[in-house]
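# Breakdown of the fold
Listed here are the chains, written in short residue letters.
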Amino acid sequence: MSETFTNPNEAGDFRRKVTETRRKGLKRRHRAERRFRVFGFLAIFAGLFFLAALLFSVAGKGFSAFQQTTITLPITFSEQVVDPEGLRDENPRLLLTANYPALVQDALAKTLDLDPANAAEMREAMRLVSRSARVDLRDVVMDDPSVIGKTVDVKLLAAADVDSANKGQIDLSLPETSRRVSDQQAAWMAELKAEGRLHKSFNTGFFTHGASSRPESAGIGVAFVGTLYMMGIVLVLSLPLGVASAIYLEEFAPKNRFTDVIEVNINNLAAVPSIVFGLLGVALFIGFLGLPRSAALVGGLVLTLMTLPTIIIATRSALKAVPPSIRSAALGVGASKMQAVFHHVLPLAMPGILTGTIIGLARALGETAPLLLIGMVAFVADYPASPLDPSTALPVQIYMWAGEAERAFVERTSAAIIVLLVFLILMNLTAVILRRRFERRW
């Protein structure tokens, strides 16, 4: 709308008012933009702060688990204790039941100059060494029976409380009644350390041992193998099934009400809580098919069902991103529909497909709820020989350790979380690298 003015002063006033109104509106827009930027910065800062706090807390508690206190003792493998009847050649299994704690007790008495007849003092001394020493000495004898009758320096795991005290997690300056390490034990620790018999080393057992009620001998080895079995099953099943389903729905399926229902249900399944898939696994794979509980096979099948919607959606998005001109060009030179899809479209969409697959696997790697429902929370100390054997998974192992009462399990829980986070970061980093390396921009 135009205004007509007879007085030049009125026209000038009107222009000034319009200019002032526009200036005020521009200032309001600039202020709104600055507020939005500030709010965005605060949101990013808050997210990074809480993430850093979480990682710092986990790392601060967990890094100490990668070191373990050991005590080196001169163990005399007395034949009177290990094989009193001399029947080891006829029946080597008799060596499994020998009184190996007695060997530890004799070694402590000699090393610390104790009176073996003083039962209270010997019990106090035996609390320096992990109860897994019996198994360690048994393994030494079973691996090399020639040590019987000899004295050999053997590294034994320190008890959990001694390990915590040696790492500085127990304040020895507190009154004796306020800590789990007595003054006498602290004095023996100082003596053993001065002699070079008590020291810290890299905790290889954390990566090789299985579940244990003793925190000093507990590890993630068995859970890691179970996780590998499950992830292998998920990859072998979900990748071909998911990609094939996505190709059919995107390239070949007719657009009708039936396919619309399928697409809607796939999108809904991607948002279903994971515990629902656990209930489905219990009913279908264990209840109906009769597969064994706590088996990696069942866990892999459940995680496959949970991962399939993610892979299908990611694959369809990757196929849609390929320009229609690629399909038209292939069909124009005489290629069939299948040749156009598999020879031209699919190779160009492969980076997106691999990215979606890795993200789906990363999600499955961190799942706990469905695995708890199918019984993978069982106490498993031995390595599973096949996917049908009882096993557990790394997230479930973390869940089990988090519920333990002993303080030494706290650092192992955090250390297992660190290992899991490293794998998740590596998988997501691989997805980013693949996308940037092979992505084609049209």
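Details of the structure are given in the entry above.
Summarised in this report is the structure supplied together with it.

Quick notes on the rules
- Residues numbered from 1 in each chain as written.
- Predicted model: local features only at pLDDT ≥ 70, side-chain atom pairs only at ≥ 80, totals over all residues.
- Heavy atoms only, no water.
- Patch = residues over 30% accessible without salt bridge, like charges linked within 9 Å, V, L, I, M, F, W, Y side chains within 5 Å.
- Areas by Shrake-Rupley, 256 points an atom, 1.4 Å probe, with all protein chains shown as cover.
- Salt bridge = Lys/Arg side-chain N within 4 Å of Asp/Glu carboxyl O.
- Helix = DSSP H or I, 4+ residues; strand = E, 2+ residues; numbered from the N terminus.
- Phe/Tyr/Trp six-rings, centres within 6.5 Å; stacked < 30°, edge-to-face > 60°.
- Buried < 20%, exposed > 50% of the residue type's maximum accessible area, 1.4 Å probe, protein only.
- Lys, Arg positive; Asp, Glu negative; His and termini not counted.
- Charge placed at Lys NZ, Arg CZ, Asp CG, Glu CD.
- Pairing = 2+ DSSP bridges.
- Axes fitted to C-alpha atoms, helices over the stretch in contact; angles between N-to-C directions.
- Contact = heavy atoms within 4.5 Å.
- Parallel < 35°, antiparallel > 145°, perpendicular 65-115°, else oblique.
- Left-handed = near helix turned anticlockwise from the far one by under 90°.
- Nonpolar A, V, L, I, M, F, W, Y, C, P; charged D, E, K, R; others polar.
- Core = buried A, V, L, I, M, F, W, Y, C linked by side-chain atoms within 4.5 Å.

### Overview of a nonpolar patch on the surface
Judged by side-chain polarity, Val-38, Phe-39, Phe-41, Leu-42, Phe-45, Phe-49 and Phe-50 come together as a nonpolar surface patch covering roughly 810 Å² of accessible area. Take Leu-42: it is sitting in helix H1 (residues 8-62).

### Brief notes about the packing of aromatic side chains
All chains considered together, the criterion is met by 10 aromatic pairs. Taking the centre distance of 5.7 Å and the plane angle of 85 degrees together, the rings of Phe-66 and Phe-206 count as edge-to-face. Remark: Phe-206 occurs in helix H8 (residues 205-208) and Phe-66 occurs in the loop between H1 and strand S1 (67-76); sequence separation between them is 140 residues. Neither residue differs from the other here; Phe-66 and Phe-206 are each classed as buried. Taking 5.3 Å as the distance between ring centres and 85 degrees as the angle between the ring planes, the aromatic pair formed by Phe-206 and Phe-207 counts as edge-to-face. Classification of Phe-206 as buried rests on a relative accessible area of 0%. Take Phe-207: its relative accessible area is 36%, and that puts it in the partly exposed class. In this structure an aromatic cluster arises from ring pairing among Phe-63, Phe-66, Phe-202, Phe-206, Phe-207, Trp-401 and Phe-409.

### Describing a positive patch on the surface
On the surface, a cluster of positive charge is made up of Lys-24, Lys-27, Arg-28, Arg-29, Arg-31, Arg-34 and Arg-35. Structurally, Lys-24 can be placed in helix H1. On the accessibility criterion, Lys-24 (47% relative accessible area) is partly exposed.

### Considerations on the sheet that holds strand S3 (residues 198-202)
Reading across from one edge, S2-S1-S3 is the order of the three strands in this open sheet, with antiparallel pairing throughout. Edge strands, defined here as strands with exactly one partner in the open sheet, are strand S2 (151-157) and S3. With direction set aside, neighbouring strand axes in the sheet form an average angle of 40 degrees. The sheet contact formed by S1 and S2 spans seven bridges and is antiparallel. When the bridges of S2 are listed, Thr-76 appears paired with Thr-151. Helix H3 (residues 100-111) contacts S1 and S2 of the sheet and is inclined by roughly 90 degrees relative to S1.

### Describing unusual backbone geometry
In most cases, non-glycine residues show a negative phi, while peptide bonds are predominantly trans. In this structure, Asp-113 takes a positive phi of about 55 degrees despite not being glycine. Judged by its relative accessible area of 70%, Asp-113 is exposed. Notably, Ser-294 is not glycine yet its phi reads approximately 65 degrees, a positive angle. Structurally, the position occupied by Ser-294 is in the loop between helix H11 (274-288) and helix H12 (296-321). Taking the relative accessible area as the measure of exposure, Ser-294 reaches 10% and is therefore buried.

### Focus: the environment of Ala-246
Note that Ala-246 resides in helix H9 (residues 221-252). Accessibility expressed as a relative area gives 0% for Ala-246, which makes it buried. Separated by 69 residues in the primary sequence, Ala-246 and Thr-315 place their C-alpha atoms 6.0 Å from one another. Excluding residues that lie within four positions of it along the chain, Ala-246 makes contacts with Ile-312, Thr-315, Arg-316 and Leu-319.

### Thoughts on the pairing of S1
Across the 10 residues that make up S1, a large majority, eight, are buried. As defined by bridge partners, S1 adjoins S3 across five bridges and the pair is classed as antiparallel. Bridged to Gln-67 within S3 is Phe-202.

### Structural notes on the packing of H11 against H12
The geometry of H11 relative to H12 is characterised by a closest axis approach of 9 Å and an angle of 130 degrees between their N-to-C directions. By the criterion of interaxial angle, the relationship of H11 to H12 is oblique. Note on packing geometry: the crossing formed by H11 with H12 is right-handed. Counted together, Ser-274, Phe-277, Gly-278, Leu-280, Gly-281, Phe-285 and Ile-286 of H11 and Val-298, Leu-301, Val-302, Leu-305 and Met-306 of H12 form the full contact between these two elements. Split into classes, the residues belonging to the contact of H11 with H12 amount to nine nonpolar, three polar and no charged.

### Let's talk about the side chain of Asp-163
The topology assignment puts Asp-163 in helix H6 (residues 160-166). With a relative accessible area of 2%, Asp-163 lands in the buried category. Not counting chain neighbours up to four residues away, the residues in contact with Asp-163 comprise Gln-68, Thr-69, Ala-158, Glu-411 and Arg-412.

### Considering the nonpolar core
Core analysis: the biggest nonpolar cluster contains 44 residues, and Phe-206, Leu-303 and Leu-371 have the highest contact counts within it. When residues of this core are traced back to their parent elements, those giving at least two are H9, H11, H12, helix H14 (337-365), helix H16 (394-402) and helix H17 (408-438). Not counting residues within four places of it along the chain, the set of residues in contact with Leu-371 comprises Met-230, Gly-299, Leu-303, Met-376, Val-377, Ala-393 and Val-396. Residues Tyr-100, Ala-109, Ala-165 and Met-189 belong to the second largest nonpolar core, which totals 36 residues.

### A few points about H16
Within H16, seven of the nine residues are buried, leaving the element largely enclosed by the surrounding structure. Among all positions in H16, only Leu-394, Pro-395, Val-396, Gln-397, Ile-398, Met-400 and Trp-401 are buried. Contacts from the buried residues of H16 go to H8, H9, H14, helix H15 (369-373) and H17.

### As for the pattern of salt bridges
Going through the model one piece at a time under the given rule, you end up with 14 salt bridges. For Lys-167, the salt bridge is made with Asp-163, and the minimal N-O distance between the two is 3.0 Å. Via salt bridges that share partners, Asp-163, Lys-167, Glu-411 and Arg-412 belong to a single interconnected network.

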